[in-house]
Every structure is written in C-alpha cells, then in structure tokens.
Amino acid sequence: MDKKKGKLKKIIFGIVGTIILFIIVVIANLIIFEKRASVVSKGQPIENYKGSNCALLVVDIQEATTGEVSTNPFYSMNSDSLIKNINRITDTFKNRDFLVVYIRSEISDPLINLLNNSFAKGSLGAKFDKRMKFDSGLEVIKSRNDAFIDTELDRILTGNRISELYLVGLDAAYCINITSEAAQNRNYTVKLIDEAILSESETMKDSMMVDFKERGIKIISIDSINIMK
C-alpha cells in the first residue's frame, strides 16, 4: 500500500511539475514576445528622391481590433466613423494614383496564440475588417508593432521611390507610434491623419498626438490632405 501511495505521489508531483514548467515557459515566451514587439528598427536611410512621392499606410484595421471579434469596447464603439474616414482617405489616394498599403497583424507563435488567439494565422481576427475597402492596394503582414520588421514594407516603399508617408489606423500608442518612429529613422516625412487614428481612449490619443508633434510628425485633418502628382 505504501509503495502504491509513493508511486501515486510521484505521478502527481510529475504532473504538477510539468504544468508549472509549461506555465513558466509560456510566461517567458510572452515576455520575450512583448519585448521584441516593442523594438523599433533603424533601417537604411532612403535616397534623396527628386520631388515628393507619397503613400498611405493603413494599419491594423482587422476583425480582431475593430470588427466582429474585437474585445476592445472603445475600438468597437468608434469603428464605424473610423472606417468611414479611412475609406474616404483611401479613395482619395487611389483616385490620384498614389500607393496604398494595407498592414495587418498575424501571429504564428503557438504559445502566444494559446494565451490569446485573436490574431492567430488563419483566424477571423487576423483578417481585415470587412467594412474596409480593399479592392486594390498592397497587403503587408507583420508580427510586431513595427511594420518594417520582417516584412516587405521597405522593399515596397523604396521600389516606388516613396519619400512621404501618411498613416491611419491604430493604435496611436503602439503600432502607429512605433511604425512612425521606424519611418523617421529611414528619413521619411511622416504625417498622421487625425480623424483616422484611434487609441484605447481619447486621453491616450491626445497624449500621443502631443508626443508625435514633438518628434516632428505633422498631424493633419482629412480636409487638409493635399496630394498632387
């Protein structure tokens, strides 16, 4: 009987130990993921092109953020007006034959997806919000806040001799923030369109807008967009 109890204890301790080890691995992986996600790339400075050629970057307007499976009530509450504004802006760029790049987040890490599968590869959440017009334009898939890291964005922009970037989407404190800084590191002129950017609250957005202006990023309104070939 004592031998059986001893074996049972070993089995229980083994199972508990395995569970604890798994939790530690998952937490460590999450910490590493979050640190990597906040890295801002330096990149190569762009050439000094003659004239100014601009592009619009539409960031993270997805089913997991503003759409069907969003878990953020502030995003959801403001999604209709945000997407309406973004569609209006993309029409303006496309009608004048300027480049539009649609950027979305997609996570392939199984441990991260175990904790939160909102952006899991192949999931509904990883898709663009169906209300957003995507009839033309280029798609870039990222796994970090910086849309330049491990994507085709550098190649697309330099291939089209882009020198000026307009950013819309979300979040002002995360992907918009880090991607705009990475763009500045490459010597792009960066402009944000106020009515087409969200953060997790109005207070957070207002704070970030002050920070953007201090970094030399211009904040403009939809009605002041002035792009000409």
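Let us look at the structure shown here. Fair warning: this is a prediction, and the values are worked out from it, not measured in the lab.

1. A short note on the overall build of the protein
Then step 1. Along the backbone of the protein there are 6 helices and 6 strands.
Then step 2. Each helix (α) and strand (β) of the protein, taken in turn from the N terminus, gives the series α-β-α-β-α-β-α-β-α-β-α-β.
Then step 3. The buried share among the 229 residues of the protein stands at 46%.
Then step 4. Within the protein, contacts between residues separated by at least 24 positions form 81% of all contacts whose residues are at least 6 apart in sequence.
Then step 5. Carbon and sulfur atoms provide 55% of the accessible area of the protein, an area that totals close to 12,600 Å².

2. Focus on helix H2 (residues 73-95)
Then step 1. Here H2 contains 23 residues, and its C-alpha end-to-end distance of 33 Å stays within 8% of the 33 Å for a straight helix at 1.5 Å per residue.
Then step 2. Where H2 bends most, at Ser 79, the angle is about 55°.
Then step 3. Two or three places before Phe 74, at the start of H2, stands the capping residue Asn 72, its side-chain oxygen 3.0 Å from that residue's backbone nitrogen.
Then step 4. Immediately downstream of H2, the backbone of Asp 97 shows phi near 60°, a positive value.

3. Digging into the packing of helix H5 (residues 175-185) against helix H6 (residues 202-214)
The axes of two packed helices give the description: the angle between them and the distance between them.
Then step 1. The geometry of H5 relative to H6 is characterised by a closest axis approach of 11 Å and an angle of 5° between their N-to-C directions. Here H5 lies roughly parallel to H6, going by the angle between them. Contacts between H5 and H6 involve Ile 176, Asn 177 and Ser 180 from the first element and Met 208, Asp 211 and Phe 212 from the second.

4. A short note on the nonpolar core
Then step 1. Leu 153, Leu 157, Leu 165 and Tyr 188 are the most contacted members of the largest nonpolar core, which totals 31 residues.
Then step 2. For this core, the secondary structure elements donating two or more residues are strand E1 (54-59), strand E2 (99-105), helix H4 (153-159), strand E4 (164-170), H5, strand E5 (189-198) and H6.
Then step 3. If one sorts the elements of this core by residue count, H5 sits on top with 4 residues.
Then step 4. Those residues in contact with Leu 157 that sit more than four places away from it in its chain are Ala 55, Leu 99, Phe 148, Ile 162, Leu 165 and Tyr 188.
Then step 5. Formed by 26 residues, the second largest nonpolar core is a distinct cluster that contains Phe 74, Ile 83, Phe 98 and Tyr 102.

5. Topic: the environment of Ile 197
Then step 1. Within the fold, Ile 197 resides in strand E5.
Then step 2. Along the backbone, Ile 197 and Asp 171 are 26 residues apart, and their C-alpha atoms lie at a distance of 7.1 Å.
Then step 3. In this structure Ile 197 touches Leu 82, Leu 167, Val 168, Gly 169, Ala 172, Ile 176, Leu 192, Lys 205 and Met 209, once residues within four positions along its chain are discounted.

6. Things to note about the sheet that holds E5
Then step 1. Here 6 strands make up an open sheet; going across it, the order is E3-E2-E1-E4-E5-E6 and the pairing parallel. Only two strands of the sheet have a single partner each, and these edge strands are strand E3 (138-142) and strand E6 (218-220). When the angles between neighbouring strand axes are averaged without regard to direction, this sheet yields 25°.
Then step 2. Examined bridge by bridge, E2 and E3 share 5 bridges and lie parallel to one another. The partner of Val 101 across the bridge, within E3, is Leu 138.
Then step 3. Contacts between H2 and the sheet are confined to E1, E2, E4 and E5, with E5 contributing the most and set at about 135° to the helix.
Then step 4. The strands touched by H5 are E1, E3, E4 and E5; relative to E4, the strand with the most contacts, the crossing angle is about 170°.

7. Observations regarding the pattern of salt bridges
Then step 1. This structure, assessed with the given rule, holds 15 salt bridges.
Then step 2. A salt bridge links Arg 104 to Glu 139; the nearest nitrogen and oxygen atoms lie 2.5 Å apart. Note that Arg 104 is positioned in strand E2 and Glu 139 in strand E3, a separation of 35 residues in sequence.
Then step 3. Taking relative accessible area as the criterion, Arg 104 reaches 11% and is therefore assigned buried.
Then step 4. Given the relative accessible area of 36%, Glu 139 is considered partly exposed.
Then step 5. With its nearest N and O atoms 3.8 Å apart, the salt bridge here joins Asp 150 to Arg 144.
Then step 6. Look at Asp 150 and you get exposed, because its relative accessible area is 61%.
Then step 7. Since its relative accessible area comes to 13%, Arg 144 is described here as buried.
Then step 8. Residues joined by salt bridges that share partners form a network here, namely Glu 63, Glu 68 and Lys 130.

Scoring rules and cut-offs
Residues numbered from 1 in each chain as written. Predicted model: local features only at pLDDT ≥ 70, side-chain atom pairs only at ≥ 80, totals over all residues. Heavy atoms only, no water. Helix = DSSP H or I, 4+ residues; strand = E, 2+ residues; numbered from the N terminus. Buried < 20%, exposed > 50% of the residue type's maximum accessible area, 1.4 Å probe, protein only. Contact = heavy atoms within 4.5 Å. Areas by Shrake-Rupley, 256 points an atom, 1.4 Å probe, with all protein chains shown as cover. Expected span 1.5 Å × (residues − 1). Bend = angle between axes of the 7 residues up to and from the residue. Polar contact = N/O pair within 3.5 Å; in protein donor to acceptor, adjacent residues only side chain to side chain. Axes fitted to C-alpha atoms, helices over the stretch in contact; angles between N-to-C directions. Parallel < 35°, antiparallel > 145°, perpendicular 65-115°, else oblique. Core = buried A, V, L, I, M, F, W, Y, C linked by side-chain atoms within 4.5 Å. Pairing = 2+ DSSP bridges. Salt bridge = Lys/Arg side-chain N within 4 Å of Asp/Glu carboxyl O.

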